[in-house]
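Examining the three-dimensional arrangement
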Amino acid sequence: MSDKPSSFASLFEAETKGQRDKRAKPPALGERVRGEVVQIGKDAVFVELENQGGKRVSAFMHTQDLRGPDGELSVKLGDVLEAVVVESDPKANEYRLGRTMGRPQGLDELERAFQASLPVEGKVSGVNKGGLEVEIAGARAFCPISQADKGYLADANELVGRSLEFLITEFREGGKRIVVSRRALLERQGRERAEETRAKLVVGATVRGTVTAIREFGAFVDLGGIEGLLPNQELSYDRSATASGVLNAGDTVEVQIREIKEGTDKRGEKTTKLTLSLKALSSDPWDDVAAQAPVGRVLRGTIARVVEFGGFVRIAPGLEGLLHVSELSGKVDNAAEVLKVGEQLNVIVSKVDRAARKISLAPAAEGLEVGQQATGPSIQIGAIVHGTVERIEQYGIFLQVEGTRGK
């Protein structure tokens, strides 16, 4: 009887010790682990790994692996980090974590990378009819041409000699048959960047992005895995501004998020439609309209648009005034008869309606110079004036008197 408690205690101790030993097993190469960020250095971030049976196991990860597209570190003290063991030295209790396996050292590491779905670095050694020949850890791998890039690859020979990262999609016969994909990795990285970016997006935020495409209606800007549309009307306060005239593909721009629309596509995956603005980050010229377009001042302008009832004249960046057809010399039924887009002319600001954001213009009389303050003629009943006959109608004669029209 006295032996039973002792035997039970021994069995219990053996069992719990086995469990502790199992939990305390060092993390293996290629194993996905989680841990808390406990220290951030210049070149490395140090992590204390979870679920190690009470035993303190520390690991580190190079800071370059944790920087986002903007170059900023994506983690802070106390964050829980998930990564993969890419280097392991249990004797020294040293473990390096990473997002990729890097350059594997032999077929064993290649197989671990395949099982853990870790990217590996390989060198493109040649091109055949079906795709790319890739050397990885001394082994030959094949990348189908459809998997060589995210989109259409015009000339696969441009990749020969380059070291690139791939995902291993097939590992058979002990490494005799290895198939890799660069496209799968690029798409996965894009989804990861999109999730990180999506979490930071708020209306009104100023963000930095890269122009990816120019269209007639605007430009597309990549903010880090998510593209937003920068419409022409959000480029500038200048209504005539177009994306092709302001931006080039590859430009880095700072924009403000004007609108966010979340949804799902046909496959049930998250979609985010963004409307962006450059105009919102510049000053409104109407805030300074009194100085830019004082009433009575002679200004030099350029005709930006012509409609039947007049021409819109750009007198300052973002400021346009209407030169109405009734202000034009002679009998004019359609402003397009005498005004041409791109034509420059001197005008006088006759009226500014700040509330309606409208400016009325009149042609400047001959002899008036840009910058002068035009003064109207002193006309009194009975005064003798000089004028030029504009047109003759059955009911009277139109005269031009010092830049004004009389009858």
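Residues numbered from 1 in each chain as written. Predicted model: local features only at pLDDT ≥ 70, side-chain atom pairs only at ≥ 80, totals over all residues. Heavy atoms only, no water.

A word on the pattern of salt bridges. Counted according to the given criterion, the structure contains 14 salt bridges. In this structure, lysine 76 engages aspartate 79 in a salt bridge whose closest nitrogen and oxygen atoms are separated by 3.2 Å. One network of salt bridges, in which partners are shared, links Glu170, Arg172 and Arg177. (Salt bridge = Lys/Arg side-chain N within 4 Å of Asp/Glu carboxyl O.)

It is worth spelling out a nonpolar patch on the surface at this point. The grouping of Val389, Ile392 and Ile397 at the surface amounts to a nonpolar patch, some 280 Å² of accessible area in total. Tracing the sequence through the fold places valine 389 in strand β21 (residues 388–393). Residue valine 389 is classed as partly exposed on the basis of its relative accessible area of 48%. (Patch = residues over 30% accessible without salt bridge, like charges linked within 9 Å, V, L, I, M, F, W, Y side chains within 5 Å. Areas by Shrake-Rupley, 256 points an atom, 1.4 Å probe, with all protein chains shown as cover. Helix = DSSP H or I, 4+ residues; strand = E, 2+ residues; numbered from the N terminus. Buried < 20%, exposed > 50% of the residue type's maximum accessible area, 1.4 Å probe, protein only.)

Okay, the sheet that holds strand β15 (residues 270–277) next. Taking strand neighbours around the barrel as the criterion, the five strands line up as β11-β12-β13-β15-β14 in a closed arrangement whose pairing is mixed. Averaged over all adjacent pairs, the angle separating strand axes in this sheet is 45°, with direction ignored. Two elements, strand β12 (residues 218–222) and strand β13 (residues 227–231), share five bridges in a ladder whose sense is antiparallel. When the bridges of β13 are listed, glycine 218 appears paired with proline 231. (Pairing = 2+ DSSP bridges. Axes fitted to C-alpha atoms, helices over the stretch in contact; angles between N-to-C directions.)

Assignment of secondary structure puts serine 277 in strand β15. There is a polar contact of 3.3 Å between the side chain of serine 277 and the backbone nitrogen of lysine 279. Reaching out from serine 277, the side chain makes a polar contact with the backbone nitrogen of alanine 280 at a distance of 2.9 Å. If sequence neighbours within four positions are ignored, serine 277 has contacts with Leu230, Glu234, Val255, Gln256 and Arg258. (Polar contact = N/O pair within 3.5 Å; in protein donor to acceptor, adjacent residues only side chain to side chain. Contact = heavy atoms within 4.5 Å.)

What follows concerns the sheet that holds strand β17 (residues 310–316). Here five strands make up a closed barrel; going around it, the order is β16-β17-β18-β20-β19 and the pairing mixed. Mean inter-strand twist for the sheet, computed between neighbouring axes without regard to direction, equals 50°. Note: strand β16 (residues 298–307) against strand β19 (residues 344–353), five bridges, orientation antiparallel. Among the inter-strand pairings, valine 298 is bridged to a residue of β19, identified as isoleucine 348.

Let us now look at the packing of aromatic side chains. Under the counting rule described, the total for this entry stands at four aromatic pairs. Between phenylalanine 114 and phenylalanine 171, the aromatic rings sit 6.3 Å apart at their centres with planes inclined by 25°, giving stacked as the arrangement. Linking phenylalanine 114 in helix α2 (residues 107–116) with phenylalanine 171 in strand β9 (residues 163–172), this pair joins segments that are 57 residues apart in sequence. Classification of phenylalanine 114 as partly exposed rests on a relative accessible area of 30%. Assessed through its relative accessible area of 13%, phenylalanine 171 is described here as buried. For the pair phenylalanine 217 and phenylalanine 220, a centre-to-centre distance of 6.1 Å together with 90° between the ring planes defines the contact as edge-to-face. Owing to a relative accessible area of 25%, phenylalanine 220 belongs among the partly exposed residues under this scheme. Looking at lysine 279, its charged tip hangs above the ring of tyrosine 237, at a distance of 5.4 Å from the centre. The ring of phenylalanine 312 has arginine 305 lying over it, and the distance from NZ or CZ to the ring centre is 4.3 Å. (Phe/Tyr/Trp six-rings, centres within 6.5 Å; stacked < 30°, edge-to-face > 60°. Lys NZ or Arg CZ within 6 Å of the ring centre and 35° of its normal.)

Grouped together as the largest cluster of nonpolar side chains are 24 residues, with contacts concentrated most on Leu110, Leu132, Val134, Ile168, Ile178 and Val180. Mapped onto this core, the elements with two or more residues apiece are α2, β6 (120–127), β7 (131–136), β8 (139–144), β9 and β10 (177–181). Residues contacting isoleucine 178, with those up to four places away along its chain left out, are Leu107, Leu110, Ala139, Arg140, Ala141, Phe142, Ile168, Glu170 and Phe171. (Core = buried A, V, L, I, M, F, W, Y, C linked by side-chain atoms within 4.5 Å.)

Before going further, it helps to examine helix α3 (residues 182–200). In this model α3 runs 28 Å from its N-terminal to its C-terminal C-alpha over 19 residues, within 8% of the 27 Å that 1.5 Å per residue would give. Arg182, Leu185, Arg188, Gly190, Ala194, Thr197 and Arg198 are the residues of α3 that are buried. Contacts from the buried residues of α3 go to β8, β9, β10, β14 (252–264) and β15. In this structure serine 181 caps α3, since a side-chain oxygen of it lies 3.4 Å from the backbone nitrogen of arginine 183. (Expected span 1.5 Å × (residues − 1).)

Two strands pair when backbone bridges link them, and β19 and strand β20 (residues 358–363) are joined in this way by six bridges, in the antiparallel orientation. Its bridge partner being in β20, isoleucine 348 is matched across the sheet by alanine 362. Here β19 folds back onto β20 in antiparallel fashion, the turn holding four residues, of which arginine 357 has a positive phi close to 55°.

Here we come to unusual backbone geometry. The backbone phi angle of alanine 137 is positive, close to 50°, even though this residue is not glycine. By secondary structure assignment, the location of alanine 137 is in the loop between β7 and β8. On the basis of relative accessibility, which here comes to 31%, the residue alanine 137 falls in the partly exposed class. Its identity as a non-glycine residue notwithstanding, arginine 357 has a phi of 55°, on the positive side. When you line up the elements, arginine 357 lands in the loop between β19 and β20. Note on arginine 357: relative accessible area 38%, which makes it partly exposed.

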